[in-house]
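# Examining the three-dimensional arrangement
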Amino acid sequence: MSAPIKTPAADTLPRPAGLAGLASDWASDQRTFKNVSWGKAMMWIFLLSDTFVFGCFLLAYMAARMSTTVPWPNPSEVFALEIGGTHMPLILIAIMTFVLISSSGTMAMAVNCGYRRDRRKTAILMLVTALFGATFVGMQAFEWSKLIAEGVRPWGNPWGAAQFGSSFFMITGFHGTHVTIGVIFLLIVARKVWRGDYDTERRGFFTSRKGRYEIVEITGLYWHFVDLVWVFIFAFFYLW
Amino acid sequence: MVDVRSGIGEALPPPEVEDVELYHPHSWWTRYVFSQDAKIIAIQYATTAIAIGMVALVLSWLIRLQLGFPGTFDFIDADAYYQFITMHGMIMVIYLLTALFLGGFGNYLIPLMVGARDMVFPYANMLSYWIYLLAVLVLVASFFAPGGPTGAGWTLYPPQAVLSGTPGGKDWGIILMLSSLIIFIIGFTMGGLNYVVTVLQGRARGMTLMRLPLTVWGIFTATVMALLAFPALFVACVMMLFDRLLGTSFFMPAIVEMGEQLQHGGGSPILFQHLFWFFGHPEVYIVALPAFGIVSDLISTHARKNIFGYRMMVWAIVIIGGLSFIVWAHHMYVSGMNPYFGFFFATTTLIIAVPTAIKVYNWVLTLWRGNIHLTLPMLFALGFIVTFVNGGLTGLFLGNVVVDVPLSDTMFVVAHFHMVMGVAPIMVIFGAIYHWYPKITGRMLNEALGQIHFWVTFVGAYLIFFPMHYVGLVGVPRRYYELGEMAFVQESVHSLNAFISVMALIVGAAQIVFLFNLAWSLRHGREAGGNPWRATTLEWQTPETPPPHGNWGKELPVVYRWAYDYSVPGAPEDFIPQNQPTPGLVTHETAS
């Protein structure tokens, strides 16, 4: 996305190590984070902002859950499935979590392959990641429809506090939207990798800038973030 | 300690990144409408913000007509009055001040002042403006929707905001308001990421963070704050939208409306207040910090003197930015909270006075024995300092719980708030426009019209808001449609209210002079030349004025000194531009 690094400052000017290095980077000209491209810096700052969005959602949910005077439905029971006659609490959520964490693994492998300019493997691994993501969203759709069939609505549910349903649909919905956007992103980038856009320096349709393999890593940052958020949702919504 | 001014004998680092490739527009549409040039985007932002700001100005006239002459104007009924105050507040704070400082001045000044060709992601930057415009249009649409705009007050407190007693509560008003805010935040994030990354990663050679003009420091810190504070508003808007549209009960307690028990129950209105003010208090500084930064540069340039205590000024900006995230509940003293929380938030609030006072002292010390030119930007800068000190002092009153509780719902708060966050930043915006208009258009604004504008605005603003403090102190409540038969309200308060209203009309009319000046000087203003104020910062050193696409021609600027080399002893001129080399400096080229 940004201009490639011409002469990394590390090569030409000696930079002190450790804290002194941090201070010297912040005191330097041109770039505060040496060797961090514009695109990556932008994604990190966006993720910081998005952390605050999810943080607010989760804190609001926790405030609602702690202040409610009616009983909060028991998540282990609500999210239990009968499989083959066995009652398994939280089984679907466990599978969903497993799928999403696995997708982080394939994403990391895709980033690695991207930097080794392995076009085919990168594209395939990104597609696998997207597939895992789509599976996750699919299971979430199943979970939603199951709860809706059992009478859970944003404004109420058969078992207790109305905020259970509203928080559930809002938080998982917002997270699911993030995953869906990530899947779309992955598919677009995978297509470009497959076509060799980043080898031929083909220009972006909208930005008319040359693409670079780094976009794989930037997409990966977003993807890992969405995974990490899920871990918090899992811990605070389902396990609490 | 590193010498911030110049590094004689210090090696100039080599370029770390290649010069960027810019998108070159091919048609009139991509050059002037869907432009990716930060300067065009800045003008689009500013024009839109000022246009919607004029709507808010007219609304303030209508508010004052009602307050000054209650019962005289039939078309202002109670509902309309609440709609006016809501939209006036929301437009002024978010759609005018935030958009103009960050979207307008940020876009224009950041790339020029840090020595970049453009923002780092021009396409996202362009989207930012168009999404902002969409947010404004959604907001405007609420004026024409059934039931009119929301009348919930600019803080939109639930439960009243979504109930039928409030205008727009059960109609389209509140829905459009919340949607517009959500859209605004999405658009702002796109721009905000650009500003932050441009300042951090897109600076010219030699431009260290401690050589940045304070304008950039102010806008940069404010943008970082906005990226962290707007999420809270975003979440609050989404949740209230669900309360209104889906019947959820995030903020809605069990409540009876028009004698009918509603389906809601168990929600917490206080939760909304926490979310809102976690955004709302940083928002004050999101507006104030760019103003602090700009006014520092105006004072230094027009007093021909280096800014006093540059490092202190930078740290004060950063510390104010940090502290502003832990003071929010001082807006909620009357909502009720644990006394220890009140103690905590009162303490942090008063601590903010320390870095803020450092800034005020430094401005005054910059002026001290300076070669003060009473140009229009300087006049507005002085006007800012006075109003800001005034508004800041009453802020100390309101920061204390025991003083705040009786004053909280009176006009005293309105006066304080308008002094510190209304008049003061607007003064800086005017000063900044008079200062940078020559760079943007190549022509000076008319001096005589500007003098009229300044004196009427400055004196008038004082005549409006200074008496308002007294109105508040005698106990006149805010947000009341009319005072009616309140025994404690003396007759003199009513005359004072009428006086304030007349002054408001006059000050408002003075802004028309300003708008006329903007339009007239575009054609008929005096030719400005490249650097009419003989300023040091990079934007005045562009090869052409107004700066073309890409700003700098072939060669990017190289920075050798801080932004405040005014009246340096022994220098041939009383200013040394930031890109003028120090004799004897070892550059990378000569060294290798």
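Cut-offs and rules
- Residues numbered from 1 in each chain as written.
- Chains lettered and ligands numbered in written order.
- Predicted model: local features only at pLDDT ≥ 70, side-chain atom pairs only at ≥ 80, totals over all residues.
- Helix = DSSP H or I, 4+ residues; strand = E, 2+ residues; numbered from the N terminus.
- Rg over C-alpha atoms; globule rule 2.2 N^0.38 Å.
- Buried ≥ 20, exposed ≤ 12 C-beta atoms within 10 Å, placed from the backbone.
- Contact = placed C-beta atoms within 7 Å.
- Nonpolar A, V, L, I, M, F, W, Y, C, P; charged D, E, K, R; others polar.
- UniProt positions renumbered as here; feature names shortened; annotations may be inferred.
- pLDDT = per-residue confidence, 0-100.
- Expected span 1.5 Å × (residues − 1).
- Axes fitted to C-alpha atoms, helices over the stretch in contact; angles between N-to-C directions.
- Parallel < 35°, antiparallel > 145°, perpendicular 65-115°, else oblique.
- Left-handed = near helix turned anticlockwise from the far one by under 90°.

### Overview of the overall build of chain B
When helices and strands are counted, chain B shows 15 helices and 2 strands. The C-alpha atoms of chain B give a radius of gyration of 24 Å, which matches the 25 Å a tight globule of 592 residues would have. Taken along its principal axes, the extent of the C-alpha atoms in chain B is 85 × 55 × 50 Å. Expressed as a percentage of its 592 residues, the buried residues of chain B come to 55%. Restricting the contact set of chain B to residue pairs at least 6 apart, pairs at least 24 apart contribute 81%.

### Considering the overall build of chain A
The helix and strand inventory of chain A stands at 9 helices and 2 strands. Secondary structure elements of chain A, listed N to C terminal, follow the sequence α-α-α-α-β-β-α-α-α-α-α. Counting all 240 residues of chain A, 36% fall into the buried class. Of the contacts made within chain A by residues no fewer than 6 positions apart, 70% connect residues no fewer than 24 positions apart.

### Focus on the interface of chain B and chain A
Facing the 46 residues of chain B at the interface are 47 residues of chain A. For the side of chain B that touches chain A, the elements supplying multiple residues, two or more each, are α5 (173-201), α6 (214-245) and α7 (269-302) of chain B. Tallying contributions element by element places α6(B) first for the side of chain B that touches chain A, with 8 residues. Classifying every residue of the side of chain B that touches chain A gives 29 nonpolar, 12 polar and 5 charged.

### With respect to the UniProt feature "domain: Heme-copper oxidase subunit III family profile" (unreviewed entry) in chain A
Taken from the UniProt record, the annotation "domain: Heme-copper oxidase subunit III family profile" (unreviewed entry) applies to residues 43-240 of chain A. As annotated, residues 43-240 of chain A comprises 75% helix and 3% strand, and the C-alpha atoms at either end are separated by 31 Å.

### Here we look at the environment of B:Phe276
Residue and element names in this part refer to chain B. Residue placement: phenylalanine 276 occurs in helix α7. It is 33 Å that separates the C-alpha atoms of phenylalanine 276 and phenylalanine 69, two residues lying 207 residues apart in sequence. With sequence-adjacent residues up to four places away left out, phenylalanine 276 is seen in contact with Thr155, Leu233 and Ala236.

### Topic: the confidence of the model for chain A
Residues and elements named next belong to chain A. In the predicted model, chain A carries a mean pLDDT of 90, and the fraction of residues at 70 or more is 94%. Within chain A, helix α6 (residues 119-149) carries the highest mean pLDDT (96), whereas helix α1 (residues 9-12) carries the lowest (46). A low-confidence stretch, residues 1-11 (pLDDT under 50), is modelled with 34 contacts involving residues beyond four sequence positions or located in other chains.

### A look at the UniProt feature "transmembrane region" (unreviewed entry) in chain A
Residues and elements named next belong to chain A. This chain's UniProt record puts "transmembrane region" (unreviewed entry) on residues 41-64, 90-111, 123-142, 162-194 and 215-239. Structurally, residues 41-64 comprises 100% helix and 0% strand, and the distance from its first C-alpha atom to its last is 35 Å. Spanning residues 90-111, this segment combines 95% helix with 0% strand, and its end C-alpha atoms are found 32 Å apart.

### Some thoughts on helix α14 (residues 491-524) of chain B
Over its 34 residues, α14(B) extends 49 Å from the first C-alpha to the last, a length consistent with the 50 Å expected when each residue adds 1.5 Å. For α14(B), the elements touching its buried residues are α2 (38-68) and α13 (447-473) of chain B.

### Some thoughts on the packing of helix α5 (residues 91-115) of chain A against helix α9 (residues 214-239) of chain A
Residues and elements named next belong to chain A. The N-to-C vectors of α5 and α9 enclose an angle of 160°; their axes lie 9 Å apart at closest approach. In terms of their interaxial angle, α5 and α9 are classed as roughly antiparallel. Here α5 and α9 pass one another in a crossing that is left-handed. On the side of α5, the interface is formed by Ile93, Thr97, Leu100, Ile101, Ser104, Met107, Ala108, Ala110, Val111 and Gly114, while α9 contributes Val216, Glu217, Gly220, Trp223, His224, Asp227, Trp230, Phe234 and Tyr238. Grouping the amino acids of the contact of α5 with α9 by side-chain chemistry returns 12 nonpolar, 5 polar and 2 charged.

### Side note on the packing of α2(B) against helix α3 (residues 78-114) of chain B
All names here are of chain B. Between α2 and α3, the least distance of the axes is 8 Å, while the angle of their chain directions is 155°. One finds that α2 runs roughly antiparallel with respect to α3. When you trace α2 past α3, the crossing you get is left-handed. For the contact of α2 with α3, the residue count by class is 24 nonpolar, 7 polar and 1 charged.

### With respect to the confidence of the model for chain B
Overall, the predicted model of chain B reaches an average pLDDT of 92, with 96% of residues at or above 70. Reported for the predicted complex are a pTM of 0.94 and an ipTM of 0.93.

### So, unusual backbone geometry
The peptide bond linking B:Pro158 to B:Pro159 adopts the cis configuration, its omega dihedral lying at 0°. Tracing the backbone shows B:Pro159 in the loop between α4 (122-144) and α5. At the junction of B:Thr545 and B:Pro546, the peptide bond is cis and its omega measures out at -10° in the coordinates. Tracing the sequence through the fold places B:Pro546 in the loop between α14 and α15 (588-591). One non-glycine residue, A:Glu201, lies in the positive phi region at around 55°.

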